[in-house]
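Reading the structure
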Amino acid sequence: MLVIVAPGQGAQTPGFLTPWLEDPTFADRISWLSAVSDVDLIHYGTKADAETIRDTAIAQPLLVASGLVAALALFPHPADAFRVIDLAAGHSVGEVTAAAGVGVISAEQAMVFVRERGKAMAQVAAKTPTGMMAVLGGDPEEVLAAIERHRLIAANNNGPGQVVAAGTLEDLERFTQDPPARTRLVPLQVAGAFHTNYVAHAVDLLGGYARAISTHDPRTRLLSNRDGLIVHDGREVLQRIVTQVSSPVRWDLCMQTMRDLGVTGMLEMPPAGTLTGIARRAMPGVETFALKTPDQLDDARAFVEKHGEGGPLEGNPTWRLLVAPMKGIFSLAPDQPAGAALTPGTIVGNVKSLRDDLPVSAPHGGTIVEWLVEDGDPVSPGQPLVRLHPAVSTS
C-alpha cells in the first residue's frame, strides 16, 4: 500500500527548485503558479537565501507549488495516479498540497488559498515575536511536562522522539536553558508559533475565503492532521485545513492510521526528506522514497508501481454513484433520506418503463450523501441517481 505525503514549512532549502527548472515544462508550470499566487516562485526557489524563504508568505506558496508541479511530473496523467495511490496526507501546509493533489480543490484555488494563508499567518505572527522548536528524544511525558512548565504549546506531535514546542521567543529561550533530560533542541525555520492560539485570528480570515471555494470529494483516501482520520467530504477537508492553522498537528496519529491500513511505502514530494526521515524512525518496515530532484523520477515511478496496489476509485472509492439502468420513471424506496446508512444490496428505488420495472440497489452499501433525482422524475440510461460514501475499513 502506497501513501504520498507532502511536507510542511521548514522543509524548504535555498535553491531546491534549481534542478527542476531545467525542464521547460516544469518551469512553465511554476511560472503559471507564480502568476496565480503573485509570488515569484522561480526566484525564491533558486536564488533566495534561507532567511528570505523563511518568510511564511513566501515559504507556503513555494512549498505547495513545488509539490503540485512535481506530482504532475511524476504522474503526467492524473487519472493514472488515482489507480495506484492508496492514501495521501500532508503535514501542516502540506495538507493544502495533498488536498489539491487528490482533487478536493484545483491547483489554482490551492495557490490563492495558500497565498492568503501565508499572508494571514505572517501578519498575525508579526504582532508577537514567537517561534517553534523541535524537541528530539527524551521521555515523552517529561517532554510534554517541560513544554507546559515553560508556558509553551506542543504544536506538533510528529511521533516518538519528536515534539515541536511553540510560543514566545522569551519562553523558548528559557526552555533552551532548562531542556528536558536526554533531548536535543532544534529551532525551526518558521516565522511564528503556528498551530497555536497565537495565530487564531488567521483562522477567521481564512474561513471567509474558504466559504467561497468550491470543493470536490477526494478521489483517494485523505488523512487529516487533526486526528489522523480519513476524511471523505471535500467541504470538511477544507474546513479542517482552515482550523488546522491554530490547532496542533497530530502527525503521530496520521502515521498510526498509515500503519493500521498496512502502508508499505511512503513517497514524499519535494522538498522531500523531513517526513520520510520521521517515518524511518517511527514506522519500521515501511520503505520510504524522498523525491528531491528530477533525475529520481524514474526510480520514483518504480517505487510507486512496487507499492501501489490500486487506488480507491477501483476497489474502495471515496464516493460512488448509483445510476439508472434504463430509460423510465424513477420511484424512490421508503425511508432513504440523505444520511441514511445502507447495507450491501439495499434497494434504493426502481426505474419503470413501458416494458420493464427494474430495481436499483447499492451493491456495496454506504451512506447516502445526496439524491440527484426526485421521486417520479423521468431518467435516462446511465443517469446518476444518488451519491454514496462507502463504508471504509481502517484495518
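If you're wondering where the values come from, they're calculated on a predicted model, not measured in any experiment.

1. So, the environment of R355
Tracing the backbone shows R355 in the loop between β13 (346–352) and β14 (357–362). Remark: the alpha-carbon pair of R355 and E374, spanning 19 residues in sequence, is separated by 22 Å.

2. Quick word on the packing of aromatic side chains
Counting across every chain of the model gives three aromatic pairs. Considering the side-chain rings of F289 and F303, the 5.6 Å spacing of their centres and the 50 degrees angle between planes classify their relative orientation as tilted. With a gap of 14 residues between them, F289 in strand β9 (residues 287–290) and F303 in helix α14 (residues 297–307) connect regions that are remote in the sequence. No difference in accessibility class separates F289 from F303, as the two residues are buried.

3. As for the environment of S380
Here S380 is to be found in the loop between β16 (378–379) and β17 (384–389). Considering only alpha carbons, one finds S380 and P325, 55 residues apart in sequence, at a separation of 8.2 Å. In this view, S380 contacts A324, M326 and K327; residues no more than four positions away in its chain are not counted.

4. Examining the pairing of strand β11 (residues 328–332)
Two strands pair when backbone bridges link them, and β11 and β16 are joined in this way by two bridges, in the antiparallel orientation. Counted as the bridge partner of I329 is P378 from β16. Judged from the four bridges that link them, β11 and β13 form a sheet pairing that is antiparallel. Each residue of the ladder has a partner; that of I329, found in β13, is K352.

5. Quick notes on the confidence of the model for the chain
Put simply, the chain has an average pLDDT of 90, and 95% of its residues get 70 or more. Every residue in residues 311–317 is under pLDDT 50, and counting partners more than four places away or in other chains gives 21 contacts.

6. What about α14?
For an α-helix, 3.6 residues make a turn, and residues three or four places apart therefore share a direction. The set of residues buried in α14 consists of L297, A300, F303, V304 and H307. Mapping the buried residues of α14 onto a view down its axis gives an arc of 110 degrees, with all of them on the same face. Summarising the geometry of α14, the exposed residues directed more than 90 degrees from the buried face are D298, D299, E305 and K306.

7. A closer look at the sheet that holds β11
Taken in spatial order, the four strands of this open sheet run β14-β13-β11-β16, and their pairing is antiparallel. Two strands in the sheet have a free side with no partner beyond their single neighbour: β14 and β16. Pairing of β13 with β14 involves six bridges; the strand directions are antiparallel. Bridge pairing in β14 links K352 to D357.

8. Re the sheet that holds β17
Within a sheet, neighbouring strands are paired by backbone hydrogen bonds and run either parallel or antiparallel to one another. The four strands lie next to each other as β10-β17-β15-β12, forming an open sheet whose pairing is antiparallel. Looking at which strands have only one partner, the edges of the open sheet turn out to be β10 (320–323) and β12 (341–342). In the sheet, β10 pairs with β17 via four bridges, with the strands oriented antiparallel. Within β17, the residue paired with R320 across the bridge is L388.

Criteria and cut-off values
Position numbers for residues start from 1 in each chain and track the written sequence from start to end. Per-residue local features of the predicted model are confined to residues with pLDDT of at least 70, and side-chain atom pairs are confined, for both listing and counting, to 80 or more; whole-chain, interface and lining totals are unaffected and use all residues. Where side-chain values are given, they derive from all heavy atoms of the structure, hydrogens and water being excluded. Strands here mean DSSP runs of E at least two residues long; helices mean DSSP runs of H or I at least four residues long; both are numbered from the N terminus. Aromatic pairing here means that ring centres of Phe, Tyr or Trp (its six-membered ring) are within 6.5 Å. Orientation follows from the plane angle: under 30 degrees is stacked, over 60 is edge-to-face, and everything else is tilted. Under the scheme applied here, a residue whose accessible area is under 20% of the maximum for its type counts as buried, over 50% as exposed, and between as partly exposed, the area being computed with a 1.4 Å probe on protein chains only. Contacts are assigned to residue pairs with any non-hydrogen atoms lying within 4.5 Å of each other. In this description, strands pair whenever DSSP reports at least two bridges between them. pLDDT runs from 0 to 100 and stands for how confident the predictor is about each residue. The arc under discussion is defined with respect to the helix axis, by the directions toward the C-beta atoms.

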